[in-house]
Amino acid sequence: MTDQTFADATTAPKTDGAKPATKPARPHFSSGPCAKPPGYDPAKLATDVLGRSHRSKLGKQRLQYCIDLMRELLRLPDTHRIGIVPGSDTGAYEMAMWTMLGARPVTALAWESFGEGWVTDAVKQLKIDPTVIRADYGQLPDLARVDWSNDVLFTWNGTTSGVRVPNGDWIADDREGLSFADATSGVFAYDLPWDKIDVATFSWQKVLGGEGAHGVLILGPRAVERLESYTPAWPLPKVFRLVSKGKLSEGVFKGETINTPSMLAVEDAIWALEWAKSLGAGGLIARSDANAAALDRIVADRDWLGHLAEDEASRSKTSVCLTVAGADESLIKKMASLLEMEGAAYDIAGYRDAPPGLRIWCGATVNTADIEALGPWLDWAYASAKA
């Protein structure tokens, strides 16, 4: 469907501080919204549904088609439902928390900003007094401490720390509680074990490079059972209501969204999903793996760069967070500003709550040649910012 490489994004040699002659062809390394897929052009989007009701026959068809593409690419079993919901990944995850928590004790894992956000929601908003297992930025909590008689909240891939769970082996097959996975930087980049995940959420703006404001909610059969058998003690706003008369509102998972979606954002997601389909699920994962490996080589060749996530087994292959020797917030801002002014890299400063450092998106929509071309520019920005 699209070109996968660009001729002017060849690998440039390490420059030891001199300004390189070759720039990444697409300097979009933001961790969200992420780079559009190669070959993207808004003029390529289908527009027949624009100006039509999302509840028209055509509107429902396009929403269902978007869901079908996600199911195919995620290799999601028929036992799991997919819904398009408001509020990006945050809205989807909070919808799951508000509608299903409270039936059992809760354990919340936090090793970066978004995990801490779910802790705050559970403690201050829902007031359910969860067991909280924390780890510092760059580290993963002791997953063996998790009690699976509880509902468990966690991020599959920590976008702001570059730390992920290595696999699903730590999730008990005979769990009594539900597993709630914030998978927004993990879907389409890892082969997720859906038999281990009862609830998953993500947004198109991450691995697919889609537009914001829409979230995706995935429910396994145990989550559906919880929704149909349990009523929370707190009131639910309309946009969170997934049950009607004691039964799951199945229409939500067939393109009948709770509120009005942006059909332009839906068409944007469909285009990205069709691009992804041309590669296949394995192709998407392979692209992310190649990008992360290319960045690993850059880090290994520079003594002033390091990985915030020291353990490779739990290091993100999408939102890769780097340490910079002697860096404070001011130096990182200077580096990011210099690279942006040169058109060599956009939006690579680390997350505001994370330790000062860089964050490079290595998801499938980025070309490996652009990661490779970035290395000498990091040398130049580091030397220039220090000077």
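Per an unreviewed UniProt entry, the recorded name for the chain is phosphoserine transaminase, and the organism is Sphingomonas palmae. Quoted verbatim from the Pathway (unreviewed entry) field of the UniProt record, the comment on the chain reads "Amino-acid biosynthesis; L-serine biosynthesis; L-serine from 3-phospho-D-glycerate: step 2/3." Taken directly from UniProt, the Catalytic activity (unreviewed entry) text for the chain runs: "O-phospho-L-serine + 2-oxoglutarate = 3-phosphooxypyruvate + L-glutamate".

### Looking at the overall build of the chain
When its secondary structure is counted, the chain shows 7 helices and 14 strands. Here the C-alpha atoms of the chain give a radius of gyration of 21 Å, agreeing with the 21 Å that 2.2 N^0.38 yields for 387 residues. With the C-alpha coordinates of the chain rotated into their principal frame, the extents come out at 65 × 50 × 30 Å. By the burial criterion, 58% of the 387 residues in the chain qualify as buried. Across the chain, the fraction of contacts at a sequence separation of at least 24, relative to all contacts at a separation of at least 6, is 74%. Carbon and sulfur atoms make up 48% of the accessible area of the chain, which totals about 15500 Å². Within the chain, one finds 41 positive and 50 negative side-chain charges whose respective centroids are separated by 5 Å.

### Quick notes on helix α6 (residues 329–341)
With 13 residues, α6 extends 18 Å from end C-alpha to end C-alpha; this agrees with the ideal 18 Å at 1.5 Å per step. For α6, the complete set of buried residues consists of L331, I332, M335, A336 and L339. For α6, the angular spread of buried residues about the axis comes to 130°, placing them on one side. Opposite its buried face, α6 presents the exposed residues E329, K333 and M341, each directed more than 90 degrees away. Downstream of α6 by one or two residues, G343 has phi in the positive range, about 70°.

### Let's talk about the environment of P193
With respect to the secondary-structure elements, P193 resides in the loop between β7 (179–182) and β8 (199–203). Remark: the alpha-carbon pair of P193 and R75, spanning 118 residues in sequence, is separated by 9.8 Å.

### With respect to the nonpolar core
Membership of the largest hydrophobic core comes to 85 residues, with the highest contact counts inside it found for M70, F154, W156, F188 and W204. Here this core takes 14 residues from helix α5 (residues 263–300), the largest share from any one element. Split by domain, this core shows at least three residues from each of two domains, domain 1 (49–278) and domain 2 (283–386). Residues within four places of W204 in sequence aside, it is in contact with C66, M70, I84, G209, G210, E211, H214, V216, A265, V266 and A269. Core analysis: the second largest hydrophobic core is formed by 33 residues, L153, A223, Y230 and V252 among them.

### So, the sheet that holds strand β14 (residues 358–361)
If you trace the 3 strands from one edge of the open sheet to the other, you get β12-β13-β14, paired in antiparallel fashion. Where the open sheet ends on each side, the last strands, each with one partner, are β12 (305–307) and β14. On average, adjacent strands in this sheet sit at an angle of 35° to one another, irrespective of strand direction. Both β12 and strand β13 (residues 319–324) contribute to a ladder of 3 bridges, which runs antiparallel. Counterpart to H307 in the pairing with β13 is L322. On the sheet, α5 packs against β12, β13 and β14 and is oriented at approximately 130° with respect to β12.

### Regarding the packing of helix α1 (residues 57–74) against α5
Between α1 and α5, the shortest axis-to-axis distance is 9 Å and the interhelical angle comes to 25°. Here α1 lies roughly parallel to α5, going by the angle between them. Crossing angle aside, the handedness with which α1 passes α5 is left-handed. Taken together, the residues of α5 that come into contact with α1 (itself represented by G59, R62, L63, Y65, C66, L69, M70, E72 and L73) are M263, V266, E267, A269, I270, L273, E274, A276, K277, G280, A281 and L284. Of the residues contributing to the contact of α1 with α5, the split by class is 14 nonpolar, 2 polar and 5 charged.

### Quick notes on the sheet that holds β7
If you trace the 7 strands from one edge of the open sheet to the other, you get β1-β9-β8-β7-β4-β2-β3, paired in mixed fashion. The sheet terminates laterally at β1 (81–86) and β3 (131–134), the two strands that pair on one side only. Neighbour-to-neighbour, the strand axes of this sheet turn through a mean angle of 20°, independent of strand direction. On top of the sheet, α1 reaches β1, β8 and β9 (214–219); it is set at about 125° to β1, its chief contact. Helix α4 (residues 221–229) rests against β1, β4 (151–155), β8 and β9 of the sheet, and its axis sits at about 95° to β9.

The rules we used
- Residues numbered from 1 in each chain as written.
- Predicted model: local features only at pLDDT ≥ 70, side-chain atom pairs only at ≥ 80, totals over all residues.
- Heavy atoms only, no water.
- UniProt positions renumbered as here; feature names shortened; annotations may be inferred.
- Helix = DSSP H or I, 4+ residues; strand = E, 2+ residues; numbered from the N terminus.
- Rg over C-alpha atoms; globule rule 2.2 N^0.38 Å.
- Buried < 20%, exposed > 50% of the residue type's maximum accessible area, 1.4 Å probe, protein only.
- Contact = heavy atoms within 4.5 Å.
- Areas by Shrake-Rupley, 256 points an atom, 1.4 Å probe, with all protein chains shown as cover.
- Lys, Arg positive; Asp, Glu negative; His and termini not counted.
- Charge placed at Lys NZ, Arg CZ, Asp CG, Glu CD.
- Expected span 1.5 Å × (residues − 1).
- Arc of directions from axis to C-beta.
- Core = buried A, V, L, I, M, F, W, Y, C linked by side-chain atoms within 4.5 Å.
- Domains from an automatic or database assignment.
- Pairing = 2+ DSSP bridges.
- Axes fitted to C-alpha atoms, helices over the stretch in contact; angles between N-to-C directions.
- Parallel < 35°, antiparallel > 145°, perpendicular 65-115°, else oblique.
- Left-handed = near helix turned anticlockwise from the far one by under 90°.
- Nonpolar A, V, L, I, M, F, W, Y, C, P; charged D, E, K, R; others polar.

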